[in-house]
Amino acid sequence: MNKTLVTGGAGFIGSAVIRQFINDTACSVVNVDKLTYAGNLQSLASVSDNPRYRFEQVDICDAAEVARVFREHQPDAVMHLAAESHVDRSISGPADFIQTNIIGTYTLLEAARGYWNSLDGERKAGFRFHHISTDEVYGSLGDTGFFTEETAYEPNSPYSASKASSDHLVRAWHHTYGFPVVTTNCSNNYGPYHFPEKLIPLVILNAVNGKPLPIYGKGDNIRDWLYVDDHARALRLVLERGKLGETYNIGGWNEKTNLEVVLAICAALDELRPQGAPHNKLITYVADRPGHDKRYAIDATKLARDLGWKPQETFETGLRKTVEWYLQNTDWVKGVTSGEYQHWVEKQYGGNSAE
Ligand code: NAD
Ligand code: TYD
């Protein structure tokens, strides 16, 4: 793919994908991002001067602007990551999730389809739209079993229901219009540049600052963790070699209870930042999340078998890298926690920086 249009490229996973494209390939990238509270161009500071990188501050719900971006940049592929992504926010305010995840995906699909129809020959035949989704669309598992690509959708939160809706739209655009799509459903990601409202960065930063480490309920809910760069590598592989119309589950075979995750972070910090040790004294059990899914676990056999993917990091090596990154990158953390990056964006790009 010579030029890929990445939506949500200023977010946690999108920025990892773009850094890989620029650093590890010869491809060009157009980053289409609205810059909500979760979008942060500082996560792209290491690549933003590269001539193969372009940024467009655009809301994917804005049909005219999205069509303009396709016309001007003439991409060979789309990787669609833009979304509202935090389950707790979807519970307290679902409207943005319906808007961006459903209406935004619909708007993007229609603009991409119009553009694809305008292409001819090899460019049309080679075009593809990669929709990036979550394992949360499958609902919750009991003590045993895994989510496969055949598992029925049973989303339980406003977030997962809105992502499930977007997956269905993408599927229907393939079935009805022959639009060339591929979809991936991944487990929980962790790693550098993760906005500190999610469990792992929140716990690292609270522990460093001597603040309580909130654990919902009993801490026995299970998530299946994947290091973000492993996810980004899997996404690039599926974009290049995935079969059109197929879906691929992505996961690292790393099931942990939330309590195990928090204890592992505390142990890493006890070693790397001994002044606050033992950090696990800060653990605080708080009220459970409404409708809290009990267990997620991905069966990633299809991706391994058909495309030869396997993760490079174990949970132990990935978590160690993550904790070290947050300890070393205090400027990024300060920018995010103080909201300063919004002023930085205004200076760089003028106005309308973030919500
Ligand atoms: P994120 O919240 O960190 O980033 C989302 C990005 O989308 C931000 O840069 C934001 O500014 C942008 N955005 C939001 N609304 C927009 C709009 N209307 N128009 C244009 N841009 C908009 O999310 P993330 O964790 O990087 O997740 C990226 C994608 O991967 C999402 O689709 C999510 O559902 C999916 N996913 C995430 C995980 C995870 O563990 N984080 C796991 C599996 C799948
Ligand atoms: P989160 O990082 O929000 O991801 P998701 O809800 O998409 O899985 O949460 C991961 C798990 O950690 C989830 O079971 C909820 C739990 N959790 C806590 O126990 N405390 C917290 O402060 C947060 C943010 C999450």
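- Where an unreviewed UniProt entry is consulted, the protein chain appears under the name dTDP-glucose 4,6-dehydratase, with the organism given as Sideroxydans lithotrophicus.
- Regarding the protein chain, the UniProt comment filed under Catalytic activity (unreviewed entry) reads as follows: "dTDP-alpha-D-glucose = dTDP-4-dehydro-6-deoxy-alpha-D-glucose + H2O".

**Thoughts on the site of ligand 1**
No. 1: In the region of ligand 1, 28 residues are neighbours, and Ile 13, Asp 33, Ser 85, Tyr 159 and Lys 163 sit closest.
No. 2: Lys 34 is positioned with one of its backbone polar atoms (N or O) 3.0 Å from a nitrogen atom of ligand 1.
No. 3: One nitrogen or oxygen atom from the side chain of Asp 59 is found 2.9 Å from a nitrogen atom belonging to ligand 1.
No. 4: In the complex, 97% of the free accessible area of ligand 1, which totals 840 Å², lies under the protein chains.
No. 5: If you list the elements that add at least two residues to the shell around ligand 1, you get helix H1 (12–24), strand S5 (128–134), helix H6 (158–177) and strand S7 (188–190).
No. 6: Of the residues contributing to the shell around ligand 1, the split by class is 13 nonpolar, 11 polar and 4 charged.

**Quick word on the sheet that holds strand S6 (residues 181–186)**
No. 1: Read across the open sheet, the 7 strands follow the order S3-S2-S1-S4-S5-S6-S10; overall the sheet is parallel. Two strands close off the open sheet at either side, each with one partner strand: strand S3 (53–57) and strand S10 (247–250). Neighbour-to-neighbour, the strand axes of the sheet open up by a mean angle of 20°, direction not taken into account.
No. 2: Pairing between strand S1 (residues 3–7) and strand S2 (residues 28–33): 5 bridges, direction parallel. Bridge pairing links Lys 3 to Ser 28 in S2.
No. 3: Running over the sheet, H1 touches S1, S2, S3 and strand S4 (77–80) and is turned about 160° from S2.
No. 4: Against the sheet, helix H2 (residues 63–73) engages S1, S2, S3 and S4, with an angle of about 160° to S3.

**Some points on the site of ligand 2**
No. 1: The environment of ligand 2 is made up of 15 residues, and the closest members are Glu 136, Asn 188, Arg 223, Arg 289 and His 292.
No. 2: With respect to ligand 2, the side chain of Asn 188 contributes an N or O atom lying 2.9 Å from an oxygen atom.
No. 3: Protein burial of ligand 2: of its 510 Å² of free accessible surface, 96% is covered by the chains.
No. 4: Broken down by secondary-structure element, the contributors of at least two residues to the shell around ligand 2 are helix H7 (199–208) and strand S8 (213–216).
No. 5: When residues in the shell around ligand 2 are grouped by element, the largest group, 3 residues, is from S8.

**Things to note about the packing of aromatic side chains**
No. 1: Taken as a whole, this structure holds 21 aromatic pairs when the rule is applied.
No. 2: Here the aromatic rings of Tyr 115 and Phe 127 are separated by 5.7 Å at their centres, their planes lie at 70°, and the arrangement is edge-to-face. Residue Tyr 115 is located in helix H4 (residues 95–118), and its partner Phe 127 is located in the loop between helix H5 (121–126) and S5; the two are separated by 12 residues in the primary sequence. The pair formed by Tyr 115 and Phe 127 is uniform in burial state, with each residue classed as buried.
No. 3: Aromatic pair Tyr 138 and Tyr 153: ring centres 5.5 Å apart, planes at 90°, arrangement edge-to-face.

**What to know about the side chain of Asn 40**
No. 1: Counting through the fold element by element, Asn 40 comes out in the loop between S2 and S3.
No. 2: Classification of Asn 40 as buried rests on a relative accessible area of 4%.
No. 3: Separated by 2.9 Å, the side chain of Asn 40 and the backbone nitrogen of Gln 42 make a polar contact.

**Comments concerning the pairing of S5**
No. 1: A large share of S5 lies buried, amounting to 7 of its 7 residues.
No. 2: The side-chain alternation of S5 yields two buried faces, one formed by Arg 128, His 130, Ile 132 and Thr 134 and the other by Phe 129, His 131 and Ser 133.
No. 3: Examined bridge by bridge, S4 and S5 share 4 bridges and lie parallel to one another. Of the residues in S5, the one forming a bridge with Met 79 is His 130.
No. 4: Where S5 lies against S6, 6 bridges are found, and the strand directions are parallel. Its bridge partner lying in S6, Thr 134 is registered against Cys 186.
No. 5: Where the polypeptide runs from S5 across H6 and back to S6, its parallel neighbour, the crossover connection is right-handed.

**A few points about helix H9 (residues 258–272)**
Since the α-helix advances by 3.6 residues per turn, residues separated by three or four positions end up pointing in the same direction.
No. 1: Across its 15 residues, H9 extends 21 Å between first and last C-alpha, which sits within 8% of the 21 Å expected from 1.5 Å per residue.
No. 2: Of all the residues in H9, the buried ones are Asn 258, Val 261, Val 262, Ile 265, Cys 266, Ala 268 and Leu 269. Angularly, the buried residues of H9 cover 165° about the axis, an arc narrow enough to put them on a single face.

**Focus: the nonpolar core**
No. 1: Ile 18, Met 79, Leu 235, Ile 250 and Leu 303 are the most contacted members of the largest nonpolar core, which has 36 residues in total.
No. 2: When residues of this core are traced back to their parent elements, those giving at least two are H1, S3, S4, S6, helix H8 (228–241), S10 and helix H10 (301–307).
No. 3: Look past the residues within four positions of Leu 303 in its chain and what remains in contact with it is Ala 234, Val 238, Tyr 248, Asn 249, Ile 250, Gly 308 and Trp 309.
No. 4: Judged by nonpolar contacts, the second largest core, of 30 residues, contains Tyr 190, Leu 205, Trp 225 and Val 323.

**Looking at the packing of H2 against H4**
No. 1: Contact pair H2 / H4: the axes reach a minimum separation of 9 Å and the direction vectors enclose 35°. Here H2 and H4 pass one another in a crossing that is right-handed. Residue-level contacts link Ala 63, Val 66, Ala 67 and Phe 70 of H2 to Thr 107, Leu 108, Ala 111, Ala 112 and Tyr 115 of H4.
No. 2: When its residues are assigned to classes, the contact of H2 with H4 shows 8 nonpolar, 1 polar and no charged.

Conventions we followed
Residues numbered from 1 in each chain as written. Chains lettered and ligands numbered in written order. Predicted model: local features only at pLDDT ≥ 70, side-chain atom pairs only at ≥ 80, totals over all residues. Heavy atoms only, no water. UniProt positions renumbered as here; feature names shortened; annotations may be inferred. Near = heavy atom within 4 Å. Polar contact = N/O pair within 3.5 Å; in protein donor to acceptor, adjacent residues only side chain to side chain. Areas by Shrake-Rupley, 256 points an atom, 1.4 Å probe, with all protein chains shown as cover. Helix = DSSP H or I, 4+ residues; strand = E, 2+ residues; numbered from the N terminus. Nonpolar A, V, L, I, M, F, W, Y, C, P; charged D, E, K, R; others polar. Pairing = 2+ DSSP bridges. Axes fitted to C-alpha atoms, helices over the stretch in contact; angles between N-to-C directions. Contact = heavy atoms within 4.5 Å. Phe/Tyr/Trp six-rings, centres within 6.5 Å; stacked < 30°, edge-to-face > 60°. Buried < 20%, exposed > 50% of the residue type's maximum accessible area, 1.4 Å probe, protein only. Right-handed = clockwise from strand over helix to strand, strands pointing away. Expected span 1.5 Å × (residues − 1). Arc of directions from axis to C-beta. Core = buried A, V, L, I, M, F, W, Y, C linked by side-chain atoms within 4.5 Å. Left-handed = near helix turned anticlockwise from the far one by under 90°.

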